[in-house]
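Below, each chain spelled out in residue letters.
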Amino acid sequence: MNEFFLVRNISRRFMHVWRRNLLVYRKIWLVNFLVPLLEPILYLTAFGVGLSALIGEVPHNGVQIPYVVFIAPALLSITAMYNAFFENTYASFVRMYYQKTFDAMMATPLSLEDIIAGEIVWGATKSVIATAIMLFVVSMFGLVQYPHALLILPLSFIGGLAFGTLGMVFTGIVPSIDMFNLPIFLIITPMFLFSGTFFPTDALPAWARIISQALPLTHLVDLFRDLALGKVGLGQLWSVAYLAAFPCVLFPTALIVMRRRLIN
């Protein structure tokens, strides 16, 4: 069964999976709401009041900006990454392996491809929700410029698709839920640290800058930071295209590994 056939096997019924996850989310909305609401306050207090006082300003695209202004968009991008990746790893694995939700859905007219598509789109949706909540908090500190910052929300969906498909690939191949620590340690944590989040990538050695530019989070951070500073240009299309290429490549891979795990 080739990749093209698997993608063609997706129908509009995948939205039923998305709606099912939304209904569950609404039942525990308070917990899901408080984390992205309080997290930026803690980060901005620590970095904006504490570390920013020591660092002062940092260079960005030839100009000096306050460190707290530099880091705020990075916190938004990290939120988008974490919500999609963890939703399509730990949460999807629990629904698949422990709750047997996938087995129950496959007993309906839903195809496996519908289920996986619905899961990934839901992971991207959670990225948008969490990013929107955090964007509201960051806006209260006056750290983003509108209307440009509104473009962060659709970009968080694209980023969510990229990191969600990556997470679903690992859901299809890890033998147990404990093994998610491996991709988190080898992939997610390095992106968290070396994607221009806490310091400019220019501070890295030349070989490390090359690796950093290959990381999807680097492009998401750059896009969010430019938009937060009120900058929009054609040069940003490259980063958007790079982010969009990730789900295009990884989504068929996720379908293959999940089919092998659940059916073959």
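Residues numbered from 1 in each chain as written. Predicted model: local features only at pLDDT ≥ 70, side-chain atom pairs only at ≥ 80, totals over all residues. Heavy atoms only, no water.

Structural notes on empty space enclosed by the protein
Thought 1: In total, this model carries one cavity of 30 Å³ or more according to the counting rule given.
Thought 2: Of the pockets and cavities examined, the largest cavity occupies roughly 40 Å³.
Thought 3: Surrounding the largest cavity, Glu39, Tyr43, Leu75, Ile78, Thr79, Tyr82 and Met134 form its lining.
Thought 4: Looking at the lining of the largest cavity, the elements that each hand over two or more residues are α3 (29–55) and α4 (67–98).
Thought 5: Of all the elements, α4 adds the most residues to the lining of the largest cavity, at four residues.
Thought 6: A class-by-class count of the residues in the lining of the largest cavity yields five nonpolar, one polar and one charged. (1 Å grid on protein atoms, 1.4 Å probe; cavity = no way out; pocket = protein on both sides within 12 Å on 5 of 7 lines; lining within 4 Å. Points joined across faces, edges and corners; volume = space filled by probe spheres on them. Helix = DSSP H or I, 4+ residues; strand = E, 2+ residues; numbered from the N terminus. Nonpolar A, V, L, I, M, F, W, Y, C, P; charged D, E, K, R; others polar.)

Let's talk about a nonpolar patch on the surface
Thought 1: Nonpolar side chains collect at one region of the surface, where Trp29, Leu30, Phe33, Leu34, Leu38, Ile41, Phe136, Met140 and Phe141 lie side by side and expose about 890 Å² of accessible area between them.
Thought 2: Contributing elements (two or more residues each) for the nonpolar patch: α3 and α6 (112–140).
Thought 3: Broken down by element, the residue count for the nonpolar patch peaks at six residues, all from α3.
Thought 4: Among the structural elements, Phe141 can be located in the loop between α6 and α7 (152–173).
Thought 5: A relative accessible area of 43% means that Phe141 is categorised as partly exposed. (Patch = residues over 30% accessible without salt bridge, like charges linked within 9 Å, V, L, I, M, F, W, Y side chains within 5 Å. Areas by Shrake-Rupley, 256 points an atom, 1.4 Å probe, with all protein chains shown as cover. Salt bridge = Lys/Arg side-chain N within 4 Å of Asp/Glu carboxyl O. Buried < 20%, exposed > 50% of the residue type's maximum accessible area, 1.4 Å probe, protein only.)

Here we look at the confidence of the model for the chain
In regions of low pLDDT, the predicted coordinates are not meant to be interpreted in detail.
Thought 1: When pLDDT is averaged along the chain, the result is 90; 97% of the residues meet or exceed 70.
Thought 2: Here helix α1 (residues 3–8) stands out as the least confident element of the chain, with mean pLDDT 64; α7 is the most confident, with 97. (pLDDT = per-residue confidence, 0-100.)

Structural notes on the packing of helix α2 (residues 14–27) against α6
Thought 1: At a minimum axis distance of 7 Å, the contact between α2 and α6 shows a crossing angle of 45 degrees. By the angle class used here, α2 and α6 are oblique. For the pair α2 and α6, the sense of crossing is right-handed. Contacts from Phe14, Val17, Trp18, Asn21, Leu22 and Tyr25 of α2 reach α6 at Asp114, Ile115, Ala117, Gly118, Glu119, Val121, Trp122, Thr125, Lys126 and Ile129. (Axes fitted to C-alpha atoms, helices over the stretch in contact; angles between N-to-C directions. Parallel < 35°, antiparallel > 145°, perpendicular 65-115°, else oblique. Left-handed = near helix turned anticlockwise from the far one by under 90°. Contact = heavy atoms within 4.5 Å.)

Description of the side chain of Thr201
Thought 1: Topologically, Thr201 is positioned in the loop between α8 (181–194) and α9 (206–213).
Thought 2: On the accessibility criterion, Thr201 (17% relative accessible area) is buried.
Thought 3: If sequence neighbours within four positions are ignored, Thr201 has contacts with Phe194, Ser195, Gly196, Arg209, Ser212 and Gln213.

Some points on α7
Because an α-helix completes one turn every 3.6 residues, residues spaced three or four positions apart along the sequence face the same direction.
Thought 1: The end-to-end C-alpha separation of α7 is 32 Å, in line with the 32 Å expected for 22 residues at 1.5 Å each.
Thought 2: Counting buried positions along α7 yields 17 of 22 residues, so the element is predominantly enclosed. (Expected span 1.5 Å × (residues − 1).)

So, unusual backbone geometry
Thought 1: Cis geometry is adopted by the peptide bond preceding Pro147, which originates at Tyr146 and carries an omega value of 10 degrees.
Thought 2: Following the sequence through the fold, Pro147 ends up in the loop between α6 and α7.
Thought 3: Its identity is not glycine, yet Lys100 carries a phi of approximately 60 degrees, on the positive side.
Thought 4: Inspection of the secondary structure assignment puts Lys100 in the loop between α4 and α5 (101–106).
Thought 5: What makes Lys100 partly exposed here is its relative accessible area of 42%.

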